[in-house]
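Structure at a glance
So the chains spell out like this:
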Amino acid sequence: MVRLLLVFLLLLAGCQQTTEPVALDELAAKARAGNSQALEQLVAMLGEGGERTNDRVYALLLEIGDVAVPALLSAVSSNDRIQREFAIAALGNFKAKTAVAPIGVVLENPQLGRRYVAAWALGEIGGSAAVPPLVRALADSDEEVRKFATRSLIRLNRQALPPLLEFLRQPQSPVATTAAVRALGDIADPAALEVLLPLLKSPARAEVVTALGKLKDPRSVEALVAVLRDPDWQVRMNAATALGPIGTEQQAPALEKLLEDDVNVVREWAARSLEMMTGRRYTYRNEAGENVQPYNIYH
Amino acid sequence: MKRFGQGVVLLLLLASLGACSDQSASDRPDENKLVQVQGQVVAPLEKAVLSIYKQGMDLYGPVFAMADETDREGRFQISLPAGDYVAVVRKRVNGLNVGPVVAGDNRSEFIPLKVRDGMTALNLTAPVKVGDNRRLSPQDAASLTGFKGQITDADGRPVEGVRIQVYDHVQMSERPKYVSEKTGPDGRFQMLLPAGGTYYICARDNFGGPPKLGDLYGRYDQGTIEPSALVIRKDHIVEGVNIRVNKIW
């Protein structure tokens, strides 16, 4: 009997929740005035149940500003993945330093969904405390998490450099190595050279070649010329691309050989880089067998 | 006598200079005044939209000004500062006011428009577009050069209603070179291209300008500053070009 009564009361409560109109504007006005209860109510509306309103509530919270941070922090550990995603994204936008540790916990828990947003938010918030979980996330099994961690580490730039170098000095999985190499390439600090050069013998060598190109360090020219004969066309193409900004007339004969490569894009990139290195116009044979000049990929 | 001749030449020169400057002053638009432009899109065409570009603007990019939809008689009205513009009328079958004009949509020619003091009248025709350069011709479709993959959301579920945009420049800031149809319920797509080459790709649910808060957007990349280049060889379909779209936060 008591159970029946409880079920009835729960049903009644459920009905009331769905039929009661949510006065969003009124709630937002209270939240703007710093009413913590109203803020908590708004944050609660970010969840899965609020599919039709949560986008609007999210925009409202961004507009309300960092007075919403305490209420958002409590939702970072929510079991509702949608609410957690919105809360973490808002904290990232507010650059809330107090959120770094709880967001780091979410990032490192593989049981949780939509963790990419944690990697994104740590990059937005920044600071040295954000770097270690992001570096560890480069070895994550979720490709999207690795991608956003890479992007955030690039954003944190020099702050991320020593931990990234240390990470690559230890043995890592191929995917983790590749992600760290990509980050180092875009950070483009010459200190990365000594870590990257030995990795030219690793399975990540195509990415290493691209990263060396981004470093634009003349000390890597010899190593780049050596991989112009690599059996993998992507490595040859990346080496041809990388040599453009740092090569000179001296390396031109080696690169000119790639104008006869079997793969069209390798020939095209060889011509493009030769022009940069020598200042002379080069043509290559396109897929239709015509000799053409490469178009300017950067306009 | 010689001095008299020199004086006449000088006078003539000054007079001709004066005439020139008079002419350019009258032609110079006063940008502080708004001039009403009104007219009609004939057949007449209802619910068509007149878009105004300033001279030199990308005529397929964001507009300078847009009139309200034409009424039943195809009439429109817009107020513009005096100046030199390019006008075009478009009516898309999908009912949107942005995005590429495809076969079956109405669109006028680009009409140079000088707006000066007083009312300016403008009548246009907007015939149905036949054929589409941005879509593949049957010959292109037979080339079997392109890529395919799937669009998924933050939970890894297929996303319906997203288009693939293909660029041939790494900045991806210009108009896309090719745009796909919207994905179906399985989120899968196949994009055939007229030629192999190096392409840069994104997927998004909206057209026009940079993605905004709440839009679904995903770029084919590995987290690096520049997008990943998708190298497509002639007569090859690159498989597994999967893109995750997330909200813009």
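Just so it is clear, the structure is predicted and the values come from calculations on it, not from any experiment.

What follows deals with the packing of helix H16 (residues 233-246) of chain A against helix H18 (residues 264-278) of chain A. All names here are of chain A. The contact between H16 and H18 brings their axes to 7 Å, and the two run at 15 degrees. It follows that H16 is roughly parallel to H18 by the angle criterion. H16 and H18 meet at a crossing whose hand is left-handed. Across the interface between the two elements, Trp233, Arg236, Met237, Ala240, Thr241, Leu243, Gly244 and Pro245 from H16 touch Val265, Val266, Trp269, Ala270, Ser273, Met276 and Met277 from H18. Residues of the contact of H16 with H18, tallied by class, amount to eleven nonpolar, three polar and one charged.

This paragraph deals with the pairing of strand E5 (residues 83-91) of chain B. All names here are of chain B. Most of E5 sits out of view: seven of its nine residues are buried. Relative to strand E7 (residues 111-115), E5 runs antiparallel, the two sharing five bridges. Bridge assignment links Val86 to a residue of E7, and that residue is Pro112. Both E5 and strand E6 (residues 106-107) contribute to a ladder of two bridges, which runs antiparallel.

This part is about unusual backbone geometry. Unusually for a residue other than glycine, Arg114(A) sits at a positive phi of about 55 degrees. As for its position among the elements, Arg114(A) is in the loop between helix H7 (100-107) and helix H8 (116-125). What makes Arg114(A) buried here is its relative accessible area of 14%. Here the phi dihedral of Lys47(B) falls at roughly 60 degrees; this positive angle occurs in a residue that is not glycine. The exposure class assigned to Lys47(B) is partly exposed, which follows from its relative accessible area of 49%.

Here we come to the interface of chain B and chain A. Facing 28 residues of chain B, the contacting portion of chain A comprises 35 residues. For the pairing of chain B and chain A, the buried interface totals around 2900 Å² over both sides, and the portion due to carbon and sulfur atoms is 51%. The partner of Lys147(A) in a salt bridge is Asp221(B), with the nearest N and O atoms 3.3 Å apart. Remark: the boundary between chain B and chain A carries 15 residue pairs in polar contact (both at pLDDT 80 or more). For the side of chain B that touches chain A, the secondary-structure elements that each account for two or more residues are strand E13 (197-204), strand E15 (230-232) and strand E18 (246-247) of chain B. For the side of chain B that touches chain A, the element with the most residues is E13(B), which contributes three residues. Looking at the side of chain B that touches chain A residue by residue, the class counts come to eight nonpolar, nine polar and eleven charged.

Looking now at the environment of Asp30(B). Residues and elements named next belong to chain B. Following the sequence through the fold, Asp30 ends up in the loop between helix H1 (2-27) and strand E1 (34-42). Judged by relative accessible area, Asp30 falls into the partly exposed class, the value being 37%. Along the backbone, Asp30 and Gly61 are 31 residues apart, and their C-alpha atoms lie at a distance of 26 Å.

Let us look at the packing of helix H3 (residues 36-44) of chain A against helix H4 (residues 54-64) of chain A. All names here are of chain A. Between H3 and H4, whose axes approach to 9 Å, the crossing angle comes to 145 degrees. The handedness of the crossing between H3 and H4 comes out as left-handed. Contact residues: Leu39, Leu42 and Val43 in H3; Val57, Leu61 and Ile64 in H4. When grouped by side-chain class, the residues that make up the contact of H3 with H4 number six nonpolar, no polar and no charged.

Residue and element names in this part refer to chain B. The sheet built from three strands is open, its strands ordered E4-E1-E8 with mixed pairing. The sheet is open, and its two edges are formed by strand E4 (75-81) and strand E8 (120-125), each paired on a single side. The mean inter-strand angle of the sheet, taken between neighbouring strand axes irrespective of direction, is 25 degrees. The pairing of E1 with E8 spans six bridges and is classified as parallel.

Glancing now at the environment of Leu42(A). Residue and element names in this part refer to chain A. With respect to the element layout, Leu42 can be found in helix H3. When its relative accessible area of 0% is taken as the criterion, Leu42 is described as buried. Sequence spacing of Leu42 and Ala71 is 29 residues, and the spatial spacing of their C-alpha atoms is 8.8 Å.

Let us now look at helix H10 (residues 143-156) of chain A. Residues and elements named next belong to chain A. Between the first and last C-alpha of H10 there are 20 Å, a value that for 14 residues agrees with the 20 Å anticipated at 1.5 Å per step. Of all the 14 residues making up H10, eleven are buried; the element is thus mostly covered by neighbouring parts of the structure. All buried positions along H10 are accounted for by Glu144, Val145, Arg146, Lys147, Phe148, Ala149, Thr150, Ser152, Leu153, Ile154 and Leu156. With a side-chain oxygen lying 2.8 Å from the backbone nitrogen of Glu144, the N-terminal cap of H10 falls on Asp142. Positioned one or two residues after H10, Asn157 has a phi angle of 55 degrees, which is positive.

Time to look at the domain arrangement of chain B. By domain assignment, chain B separates into domain 1 (34-125) and domain 2 (138-247). For domain 1 of chain B and domain 2 of chain B, the distance between their C-alpha centroids amounts to 31 Å.

How each quantity is defined
- Residues numbered from 1 in each chain as written.
- Chains lettered and ligands numbered in written order.
- Predicted model: local features only at pLDDT ≥ 70, side-chain atom pairs only at ≥ 80, totals over all residues.
- Heavy atoms only, no water.
- Axes fitted to C-alpha atoms, helices over the stretch in contact; angles between N-to-C directions.
- Helix = DSSP H or I, 4+ residues; strand = E, 2+ residues; numbered from the N terminus.
- Parallel < 35°, antiparallel > 145°, perpendicular 65-115°, else oblique.
- Left-handed = near helix turned anticlockwise from the far one by under 90°.
- Contact = heavy atoms within 4.5 Å.
- Nonpolar A, V, L, I, M, F, W, Y, C, P; charged D, E, K, R; others polar.
- Buried < 20%, exposed > 50% of the residue type's maximum accessible area, 1.4 Å probe, protein only.
- Pairing = 2+ DSSP bridges.
- Buried area = accessible area lost by both parts, 1.4 Å probe.
- Salt bridge = Lys/Arg side-chain N within 4 Å of Asp/Glu carboxyl O.
- Polar contact = N/O pair within 3.5 Å; in protein donor to acceptor, adjacent residues only side chain to side chain.
- Expected span 1.5 Å × (residues − 1).
- Domains from an automatic or database assignment.

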